[in-house]
Amino acid sequence: MEINLLDLADNFGCDHREFSNTFREFYETLDLSYETLSESERDQVLLEILHKLENDTQIIGHPDRTQVWYEGWKENLDDFLKNKAIEEIVPKFIRPNKIVRYNGNFIKPSNPYFERDFAKLIQIYCYHQFIKNYSVENVYEFGCGSSFNLMTMANLREEGDSEIDFYGSDFVQSSVDLCNELGKHYKINLKGFRFDMIKPDRRRKIKKNSAVFTFGAIEQLRSQFKDFILYLLENRPKVCFHIEPTMENYDPDNLFDYLQIKFHKKRGYTQGLLPYLQQLEEEGKLVIVKEKRLNFGSKFMEGYHLYVWEMEW
């Protein structure tokens, strides 16, 4: 089996002709072939998930996790300072040679870096659809981690495109230091700053004509996201997009989805973001322009659901 452009268009909820030349060119370099699992292999994966649900002790948002995140991004920072190689900023939790979820099944990709490369397709798609097409002058990622997303997007700018300033924020200093180091080393408009999404600093203003995004960051807030969304509304960005796991998109009567729901709840990942945005839309405070489950993720859950919103001007 192989994922083609029509499959990807279905994943992204668009017509394949909407894909940029850059998206198509990168797609052509990839091996997106895969095998479906045998019955015994699928049973083994389900058993592993059940064991994980029974024995996993990680609690999202626990105070101990602050040090874990600091050390994790410091590892990326130290590796980059040592080798000055862009490959060193790939988050360590994107691991090679893993079973992944795709279109309601577990699959075994031929490409050991399938998740990393699929994530880059998402980055390219979002850049062209929600940054370039909106003609923004500034891009902010909140919860930028290793700046993996920002560096891809900063390098997508083509000759003749308008200048864009990129900003990355995170709640631990090692992430901010890595962001600033990358901007300095590659001589690009990329700067980092410290920011707590649970307790937003209202003195930190978002510049006019900006795009704002999160990529697996609100998931870590343990559902304490309302002040952050209100902070965004106060600053009136031109467009916001989120790539986040979204439990509300799962079908509890489907085993494949039911196990994701259980894992999502067991870990304590954020719930309610999409319903809250829908509530704000009903109140006339924003307009949701896209909402799509991408039907892709890791063995334990799909971390990739895309929703995009604007404010009426």
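A few points on the structure. (Residues numbered from 1 in each chain as written. Predicted model: local features only at pLDDT ≥ 70, side-chain atom pairs only at ≥ 80, totals over all residues. Heavy atoms only, no water.)

**Side note on the pattern of salt bridges**
Then comes step 1: Considering all chains together, one arrives at 18 salt bridges under this definition.
Then comes step 2: Taking the shortest distance from any N to any O, the salt bridge between lysine 74 and aspartate 78 comes out at 2.9 Å. Taken together, the residues lysine 74 and aspartate 78, both in helix H4 (residues 64-83) and 4 residues apart, mark about one turn of the helix.
Then comes step 3: Judged by relative accessible area, lysine 74 falls into the partly exposed class, the value being 28%.
Then comes step 4: Among the ionic pairs, lysine 132 bridges to glutamate 158, the shortest N-O distance being 3.2 Å. Pair noted here: lysine 132 is in helix H5 (residues 114-132) and glutamate 158 is in the loop between helix H6 (148-154) and strand E5 (165-170), with a separation of 26 residues, a long-range link.
Then comes step 5: For glutamate 158, a relative accessible area of 35% translates into the label partly exposed. (Salt bridge = Lys/Arg side-chain N within 4 Å of Asp/Glu carboxyl O. Helix = DSSP H or I, 4+ residues; strand = E, 2+ residues; numbered from the N terminus. Buried < 20%, exposed > 50% of the residue type's maximum accessible area, 1.4 Å probe, protein only.)

**Observations concerning the packing of aromatic side chains**
Then comes step 1: The final tally for this structure, using the stated rule, is 31 aromatic pairs.
Then comes step 2: Plain terms: the ring middles of phenylalanine 12 and phenylalanine 23 are 5.8 Å apart, the flat faces sit at 85° to each other, and that makes the pair edge-to-face. Here the residue phenylalanine 12 occupies a position in helix H1 (residues 5-12), and phenylalanine 23 occupies one in helix H2 (residues 21-28), the gap between them amounting to 11 residues.
Then comes step 3: A relative accessible area of 1% places phenylalanine 12 in the buried class.
Then comes step 4: Ring centres of tyrosine 140 and tyrosine 167 lie 4.7 Å apart, and the angle between their planes is 15°; this geometry places the pair in the stacked category. Of this pair, tyrosine 140 sits in strand E4 (residues 138-142) while tyrosine 167 sits in strand E5, and the two are 27 residues apart along the sequence. This pair shows no difference in class: tyrosine 140 is buried, exactly as tyrosine 167 is.
Then comes step 5: Its guanidinium or amino end placed over the ring of phenylalanine 256, arginine 101 lies 4.3 Å from that ring's centre, counting from NZ or CZ.
Then comes step 6: If you follow arginine 204 out to its NZ or CZ, it ends over the ring of phenylalanine 193, 3.9 Å from the centre. (Phe/Tyr/Trp six-rings, centres within 6.5 Å; stacked < 30°, edge-to-face > 60°. Lys NZ or Arg CZ within 6 Å of the ring centre and 35° of its normal.)

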